[in-house]
Structures are given as C-alpha cells and as structure tokens.
Amino acid sequence: MTHTDSRTMRRVLRREIAGTLGLLTDEHDFLAMRRYRSFTFDDHAAYLKHVEGLLRTRALQGSHTTVALFDPEEYAEFCTQNGLDPDNPSSRTRFTARLAVTGPTLPYEGQPLSDLLPALVDEAVRQATWEYATTLLARLGACTSCGEDIGRAAFARASDLLVRILDTAPSGNRHLVCSVTGPPETLVAALHVADTGGAVKLDETEALEFTTVLALGLATESPGGLVIRASAPGSPDRVYGWRLRAYGLEPLTAGEVFDAYCTDVESGDLISPESNVDYCEPPDLGDVQPEQGHNH
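Let us look at the structure shown here. These numbers come from a predicted model, not from an experiment. (Residues numbered from 1 in each chain as written. Predicted model: local features only at pLDDT ≥ 70, side-chain atom pairs only at ≥ 80, totals over all residues. Heavy atoms only, no water.)

Considerations on the sheet that holds strand β2 (residues 65–69)
Rules: Only strands that DSSP links by at least two bridges are regarded as paired with each other. Each helix is a run of DSSP H or I of at least 4 residues and each strand a run of E of at least 2, with the numbering of both proceeding from the N terminus. Note on method: axes are straight lines fitted to C-alpha atoms, helices fitted across the in-contact stretch only, with angles between N-to-C directions ranging 0 to 180 degrees. Contacts are assigned to residue pairs that have any heavy atoms within 4.5 Å of one another.
Across the sheet, which stays open at both edges, the three strands sit in the order β1-β2-β3 with mixed pairing between neighbours. Edge positions in the sheet fall to β1 (19–23) and β3 (105–107), since each has one partner strand and no second. Sheet twist, expressed as the average angle between the axes of neighbouring strands with direction ignored, equals 30 degrees. The strands that helix α5 (residues 89–102) touches are β1, β2 and β3; relative to β1, the one it contacts most, it runs at about 100 degrees. In this fold helix α6 (residues 113–139) packs onto β1, β2 and β3, with an angle of close to 145 degrees to the strand it touches most, β3.

Digging into the packing of aromatic side chains
Aromatic rings considered in pairs are described by the distance between their centres and by the relative angle of their planes. What counts here: By convention, a stacked pair of Phe, Tyr or Trp rings (six-membered ring in the case of Trp) has centres within 6.5 Å and planes under 30 degrees apart, an edge-to-face pair has planes over 60 apart, and any other such pair is tilted. The buried label applies to any residue whose accessible area, calculated with a 1.4 Å probe on protein chains only, is under 20% of its type's maximum; exposed applies above 50%, and partly exposed to all values in between.
Considering all chains together, one arrives at 13 aromatic pairs under this definition. Measuring from ring centre to ring centre gives 5.4 Å for Phe-78 and Phe-95, while their planes differ by 55 degrees; the resulting arrangement is tilted. On the criterion of sequence distance, the pair formed by Phe-78 in helix α4 (residues 72–82) and Phe-95 in helix α5 is long-range, its members being 17 residues apart. One exposure class covers both Phe-78 and Phe-95, and it is buried. The structure contains a cluster of three or more aromatic residues connected by ring pairs, namely Tyr-36, Phe-70, Tyr-75, Phe-78 and Phe-95.

Brief notes about the pairing of strand β7 (residues 224–231)
Of the strand pairs in this sheet, strand β4 (residues 173–180) and β7 are connected by eight bridges, and their pairing is antiparallel. Across the sheet, Val-180 pairs through a bridge with Gly-224, a residue of β7. Pairing of β7 with strand β8 (residues 237–245) involves six bridges; the strand directions are antiparallel. Each bridged residue has a counterpart across the sheet, and for Ile-228 the counterpart in β8 is Tyr-240. Where β7 hands over to β8, the hairpin turn is made up of five residues, of which Gly-234 adopts a positive phi near 85 degrees.

As for the pattern of salt bridges
Note on pairing: side chains with opposite charge can pair once their charged atoms come close. Let me state the cut-off plainly: The term salt bridge refers to a pairing of a side-chain nitrogen on Lys or Arg with a carboxyl oxygen on Asp or Glu at a separation within 4 Å.
A full pass over the atoms with the stated rule returns 10 salt bridges. A salt bridge links Arg-243 to Glu-250; the shortest N-O distance between them is 2.8 Å. On the basis of relative accessibility, which here comes to 22%, the residue Arg-243 falls in the partly exposed class. Sharing partners across several salt bridges, the network here consists of Arg-243, Arg-245, Glu-250 and Glu-256.

Some thoughts on the packing of helix α3 (residues 44–60) against α6
Applicable threshold: Geometric relationships in this document are graded by angle, where less than 35 degrees denotes roughly parallel, more than 145 denotes roughly antiparallel, 65 to 115 denotes roughly perpendicular, and other angles denote oblique. Just so you know the grouping, Ala, Val, Leu, Ile, Met, Phe, Trp, Tyr, Cys and Pro go in nonpolar, Asp, Glu, Lys and Arg go in charged, and all remaining residues, Gly too, go in polar.
Two elements in contact, α3 and α6, have axes whose closest approach is 11 Å; the angle formed by their N-to-C orientations is 100 degrees. Classified by the interaxial angle, the pair formed by α3 and α6 is roughly perpendicular. Between α3 and α6, the residues in contact are Leu-48, Val-51, Glu-52 and Leu-55 and Leu-113, Leu-116 and Leu-117, respectively. In the contact of α3 with α6, the residues fall into six nonpolar, no polar and one charged.

Structural notes on unusual backbone geometry
A positive phi angle, near 55 degrees, is found at Glu-221, a position not held by glycine. Within the secondary structure, Glu-221 sits in the loop between α8 (204–220) and β7. Since its relative accessible area comes to 44%, Glu-221 is described here as partly exposed. With phi around 60 degrees, Asn-276 is a residue other than glycine that occupies positive phi space. Tracing the backbone through its elements, the reader meets Asn-276 in the loop between α9 (254–261) and β10 (277–279).

This is the structure:
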C-alpha cells in the first residue's frame with residue numbers, strides 16, 4: 001500500500017514539474033546534430049512526429065511544456081565554454097535548461113506542430129531583431145555636443161511618437177509595422193493593439209521591440225517607414241503611415257500609401273487593391289518636429 005502511494009505521489013509531482021524541450025525546427029539543424037552518436041534520430045520527419053507525440057502525452061498528463069529553439073552552433077559554443085562533452089545527452093539537457101531562461105520559447109498549448117514551428121521561428125527572429133537593435137543603439141554612445149546618450153534619447157523620442165500614434169488612431173484593433181533599412185539587412189518590428197471597447201491591450205514585449213527598432217531608425221537617420229492598419233466592425237479598414245526622418249516622422253500621402261500596398265515588392269507589378277480598405281493620410285500627431293539630427 002505504501003509503495004503504491006509513493007508511486008502515485010511521484011506521478012502527481014511529475015505533473016507539477018514544468019519542462020522545456022529544445023526543438024530542431026529545420027532539416028539543416030537536424031543534420032548538424034546527427035554528427036553526435038548520442039543523437040539517435042536519423043530522419044527529421046520522424047523526429048518531429050515523435051516530438052509531437054511527446055508533447056501531446058505530457059499535455060494529457062497535465063504537464064506544462066515550453067518549447068525552445070535549439071541551435072546546434074550555439075550548443076557547440078555552450079559546450080566549449082563550459083567544458084562539456086557535446087556528444088552527451090546531459091549536455092543537451094543543460095543547454096536546453098539555459099534556453100528556457102535566455103532563448104526564444106513558446107508554451108505548448110495543444111496546437112499542431114505545423115503551427116508551433118513557424119511561430120517559434122518568428123519568436124526567434126523577433127528576439128534577435130530586438131537584441132541587434134538594442135546593441136546598435138548602445139553603440140551610438142553620447143552626443144559630442146551635449147553629452148546626452150543618443151540611444152536613450154532616441155528611445156524616449158520613439159516612445160513619445162508611439163503614444164501619439166495610438167492616441168490619434170481610430171477606434172478598433174490596430175496593427176503597426178515599422179521597418180528600418182540598413183546594413184546588413186532590414187529590421188522589421190510589428191505591434192498588435194487590441195481595442196476591447198475602450199480598454200486598449202498590447203503586448204509589452206512587442207511594444208518594447210517595436211519602440212527599439214523605431215528608435216534605431218530615428219537615431220541613425222536610416223531609411224524606413226511606419227504604417228498602421230486600423231480595423232473596426234462595420235467600417236472599412238484604414239491604412240496610413242509615415243516615412244522615417246531624423247528624429248521624426250513625415251506623413252505619407254494617400255497616394256503613396258496606396259502605391260506601397262498595391263505594388264509587388266519584388267517585381268514592381270501592380271496588385272489589385274483590397275476591398276473595403278481606405279488608403280488615407282495620417283492624422284495630425286500634434287508633434288513639434290525637432291531640429292535635424294540629434295535634438296539638443
């Protein structure tokens with residue numbers, strides 16, 4: 001009887017232990033791990049099938065699982081830095097435990113793996129974009145004229161502009177996209193804002209990432225733009241935007257917004273405009289434009 005009770009208690013405890021699973025999302029990363037003898041899978045499709053089965057089993061048992069993006073290169077570096085044998089399952093366990101704290105993760109909530117995989121990759125791109133933009137802002141240092149931290153000032157400026165944009169936006173759900181062009185690639189951040197009848201809800205992490213990318217564009221005077229799409233039941237969607245200028249935003253005309261949305265980026269061919277969408281000029285932000293460059 002005591003032995004049975006002990007097993008029951010262990011099962012209860014296992015349900016209360018949160019776990020993290022490091023996932024190899026693509027074939028390239030999977031092949032990189034096959035060089036380790038202790039990694040026994042030899043087919044990526046079969047591997048994903050087993051992963052999905054494990055996730056479902058844990059969910060049925062009442063266990064919470066977080067899925068993390070497993071990067072073989074980062075794993076090899078981790079093992080080198082910590083004097084671990086990479087061809088050892090315990091080393092992978094330690095690396096995965098670190099991913100739970102530092103890496104891009106998503107909770108498994110019963111969704112198909114075909115939905116979870118792209119969402120996890122998107123999360124990794126978001127985190128990498130934010131980290132890269134933050135690093136570039138920090139490298140700008142202090143203004144040689146006034147000593148003010150340029151990155152911090154740009155972030156404060158971007159935060160103020162975002163508040164003005166949301167305050168002047170029409171009611172409804174809003175989807176904002178900010179893009180900043182520069183070497184080595186274009187940085188893109190998105191922000192989803194839900195309007196639930198007067199109460200505006202947004203993800204704080206998304207807002208931080210969005211503001212950081214906008215701040216980088218303002219501080220470095222890089223080419224870029226910001227567009228917003230507002231959607232409300234019973235009325236056409238409204239789309240408008242701005243181009244980035246030194247520490248400010250310049251409104252796009254309705255024609256420029258139309259051209260941007262109705263032109264294929266790669267071919268330059270015209271695309272039919274969406275139905276029930278108004279391409280329009282942005283509202284007045286009531287913003288006093290600072291002087292060119294760093295604002296003193």
